[in-house]
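# Notes for the structure review
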Amino acid sequence: MNRSRFSWVPKILLGLTVLFFYLPIVYIIVFSFNNTRSLTHFGGFSLQWYTKMFSDRTMMEAVGYTILVAVVATVVSTVVGTLAAIGLSRSRRVLRNIVEQINNLPVMNPEIVTAIGLLMFFSSLGISKGLGTMLLAHIMFCTPYVILSVSPKLRSLDPNLADAALDLGATPLQALTKVIVPQIMPGIVSGALIAFTMSFDDFIISYFVTGNGVNNISILVYTMSKRVNPSINALSTLVILLITVTLVIVNVVPIIKEKRRTKA
Amino acid sequence: MKQFRSMVYPYVAWIAVMIVLPMLLIVLYAVTTAGNDVTTFRFTLENFARFFSDKVFLDVLWRSLFIAVLTTVICVLLGYPIAYAIAQRPEKSNMFWVFVITIPTWINMMVRTYAWVGILQDGGLINSILGFFGIGPVKMMYTTFAVVLGMVYNFIPFMILQIHTSLTKMDKSYLEAAADLGADRLQSFLRVTLPLSLPGVLSGITLVFLPAVSSFFIPKLLGGGQYVLIGNVIESQFLTSGDWNFGSAISMIMAIIIMISMYVTRKVDTDPAARGKED
């Protein structure tokens, strides 16, 4: 009785939740097609802000840098993180504990603390800020996430498997690539995905360690948002599209593969 | 067994340089005076004294803590019912809802915060709707309301997901047992579900409070240039006034406050009051 009378409450609540979460996203997509400068009145459909965005050199450079940094940081941090996690799973407990604690620092620390630490570090060494420092910083904060997502998979892995492979004459490299890596693949993939989106979306750390006119999308949105500029909406829509496509690919491809396998 | 052990050593060197060294630099700068070089350090606690003796900075600290606590409380009060409503759905749509909550967190935080500017503006969406009913316009941009809204919007998914996980991990037979023993729905919620989901609430609190207290672009975007939180002070010390020593001291103060609050949260977690956790 009680239950059915109030069954609309959770439905309304979830409806409002979706509205709250997606309204700003939809809003920005809609206004990217606005034919006036206004952020509040929709005058009519137009693609002018997209034309403006694609012809704006700083914007296109920022998109390029964002993708470049995200791809390089993802590849490097995934490889480094996976190797480190495997090594870590076989290290002595003391070393493992210390490394895990330090590894957690960038994850637990407020981003701004990590950012100023890196800023002072690069400046103290006299490294000029730019693409290089941004890449180093991104690799630095992405790798811990890869380790955090690979390590649980390693813990549930039977350590004898690799030893068996070695006993049967596999070289260490073969044991690594043919026995260990395939079994921890789900962890590696989700770690890579986290690394990619962390890098792609990063603002705070990039903002502090960049220089020389090297911007990523977040920095550009931040600096441009001080004045009304609807090209930001077009750029934001592009970001939303890129991330959504990435997420769909990562989530749907395994499902399709699984379906094919069960069919075969 | 020891075959792949050496693979960790390059990473140990990497984190020593890239994680530990920068952290040490913050501590070093925080306790020294400006203008020192490698050979002469002048240690001082002046940077800390300057922060705690200046009313302007103390006000900023209190405001940051107030905003962060307010954000966290709202996230718990809104996030719990949402997580509960999702957990009550059939298992298949549970996955769907978790996906719905997760997607926005993957999209650039800056972009999503910027989106609120158009919605909250004086002639924006909310004020147009209010105006339709003859209310307003209500000033929302550049107010505490806008800043807290921006923070809740950005951080509440973490709260919902944490609570949802602890709700779905819960053993449903406890609820049957409670019902068999004569508890009504409210009683079994208050005495079984709520205590069992407390760990999720607590880890949600950490995940919301931490970014909320240190945030600096949400106040800048939605609160305007006049709206200063502790993150903004740190930013300006490093990027505008170039006082690294003072900036380092402020970030140490912030880090210590966060550590204390996390310690307190963990303490509550292991407290006998949260006994329901033991299963």
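Owing to the predicted nature of the structure, the values given are computational and were not obtained by experimental measurement. Every residue gets a number counted from 1 within its own chain, in the order that chain's sequence is written. The naming scheme follows written order: chains are lettered A onward, ligands numbered 1 onward. At least 70 in pLDDT is required for a residue's local features to be given in this predicted model, at least 80 for side-chain atom pairs to be given and counted, and no such filter applies to totals for whole chains, interfaces and linings, which use all residues. Note: side-chain values were computed over all heavy atoms of the structure, leaving out hydrogens and water.

### Points about the overall build of chain A
Counting from the N terminus, the helices are DSSP H or I runs at least four residues long and the strands are E runs at least two residues long. Of regular secondary structure, chain A possesses 12 helices and 0 strands. When the helices and strands of chain A are placed in sequence order, the string is α-α-α-α-α-α-α-α-α-α-α-α. Here the radius of gyration uses the C-alpha set of atoms, whereas the globule reference equals 2.2 Å times the residue count to the power 0.38. Taken over C-alpha atoms, the radius of gyration comes to 23 Å for chain A, far larger than the 18 Å a tight globule of 264 residues would show. Counting only C-alpha atoms, chain A reaches 70 × 70 × 40 Å along its principal axes. Note on exposure labels: buried denotes an accessible area under 20% of the residue type's maximum, exposed denotes more than 50%, and partly exposed covers the range between, all computed with a 1.4 Å probe on protein chains only. Split into buried and exposed, the 264 residues of chain A put 48% on the buried side. Residue contacts follow a heavy-atom distance rule, with two residues in contact if any of their heavy atoms lie within 4.5 Å. Considering only contacts in chain A between residues 6 or more positions apart, those separated by 24 or more positions represent 69%. Distance between charge centroids for chain A: 9 Å, based on 21 positive and 10 negative side chains. Under the convention used here, Asp and Glu are negative, Lys and Arg are positive, and both His and the chain ends fall outside the count. For charged residues, the charge sits on one atom: NZ in Lys, CZ in Arg, CG in Asp, CD in Glu.

### Some remarks on helix α5 (residues 109–120) of chain B
Residues and elements named next belong to chain B. An ideal rise of 1.5 Å per residue puts 16 Å on 12 residues; α5 measures up with 17 Å between its terminal C-alpha atoms. With 11 of its 12 residues buried, α5 lies for the most part within the structure. For α5, the set of buried residues is Met110, Val111, Arg112, Thr113, Tyr114, Ala115, Trp116, Val117, Gly118, Ile119 and Leu120. You can read the cap of α5 off the contacts: a side-chain oxygen lies 2.9 Å from the backbone nitrogen of Met110, and it is on Asn108. To estimate how far a helix should reach, multiply one less than its number of residues by 1.5 Å. We call two N or O atoms a polar contact when they sit within 3.5 Å, provided that within protein one can donate a hydrogen and the other can accept it, with sequence-adjacent residues counted only if both atoms are side-chain atoms.

### What about the interface of chain A and chain B?
At the interface, 85 residues of chain A touch 73 residues of chain B. Computed with a 1.4 Å rolling probe, the buried area is the accessible surface lost when two parts are put together, summed over both parts. Buried area between chain A and chain B, summed over both chains or domains, comes out near 7200 Å², and the portion from carbon and sulfur atoms is 80%. Every case where a carboxyl oxygen of Asp or Glu lies within 4 Å of a side-chain nitrogen of Lys or Arg is listed as a salt bridge. Scanning the region where chain A abuts chain B turns up 0 salt bridges. Connecting chain A to chain B are 9 residue pairs in polar contact (both at pLDDT 80 or more).

### Some words on the pattern of salt bridges
Counted according to the given criterion, the structure contains 4 salt bridges over all chains. For the salt bridge of Glu61(A) with Arg57(A), the shortest nitrogen-to-oxygen distance reads 2.8 Å. One end of the pair is Glu61(A) and the other is Arg57(A), both in helix α4 (residues 57–89) and 4 residues apart, which spans about a single turn. We classify Glu61(A) as partly exposed; its relative accessible area is 30%. Take Arg57(A): its relative accessible area is 65%, and that puts it in the exposed class. Salt-bridge contacts for Glu235(B) lead to Lys220(B); the nearest nitrogen and oxygen are separated by 3.3 Å.

### Remarks on helix α2 (residues 46–53) of chain B
All names here are of chain B. Turning to α2, its buried residues are Asn47, Phe48 and Phe51. The buried residues of α2 occupy one face: seen down the axis, they fall within an arc of 100°. Summarising the geometry of α2, the exposed residues directed more than 90 degrees from the buried face are Glu46 and Ser53. As used here, the arc is the angular range of directions from the helix axis to the C-beta atoms.

### Quick look at the packing of aromatic side chains
Each aromatic ring pair is characterised by the separation of its centres together with the angle its planes make. Any Phe, Tyr or Trp ring, taking Trp's six-membered ring, that has another such ring centre within 6.5 Å forms a pair; planes under 30 degrees apart are called stacked, those over 60 apart edge-to-face, and the others tilted. Per the counting criterion, the structure on display carries 28 aromatic pairs over all chains. An aromatic cluster of three or more residues is present, and its members are Phe203(A), Tyr207(A), Phe208(A), Tyr222(A), Phe216(B) and Phe217(B). The cationic tip of Arg50(B) hangs over the ring face of Phe246(B); the distance from NZ or CZ to the ring centre is 3.8 Å. Over the aromatic face of Tyr227(B) sits the side chain of Arg63(B), whose NZ or CZ is 5.8 Å from the ring centroid. Two thresholds decide whether a charge sits over a ring: the Lys NZ or Arg CZ must be within 6 Å of the ring centre and within 35 degrees of the ring normal.

### Notes on the packing of α2(B) against helix α3 (residues 55–88) of chain B
All names here are of chain B. Axis definition: a line fitted to C-alpha atoms, over the contacting stretch in the case of helices. Angles run 0 to 180 degrees between N-to-C directions. Running from amino to carboxyl end, α2 crosses α3 at an angle of 75°, the nearest separation of the two axes being 5 Å. By the angle between their directions, the pair α2 and α3 is classed as roughly perpendicular. For the pair α2 and α3, the contacting residues are Arg50, Phe51, Phe52 and Ser53 in the first and Lys55, Phe57, Leu58 and Leu61 in the second. Note that Gly is not counted as nonpolar here; it falls among the polar residues with everything else outside the nonpolar set of Ala, Val, Leu, Ile, Met, Phe, Trp, Tyr, Cys and Pro and the charged set of Asp, Glu, Lys and Arg. In the contact of α2 with α3, the residues fall into 5 nonpolar, 1 polar and 2 charged. The scheme is simple: roughly parallel for angles under 35 degrees, roughly antiparallel for over 145, roughly perpendicular for 65 to 115, oblique for anything else.

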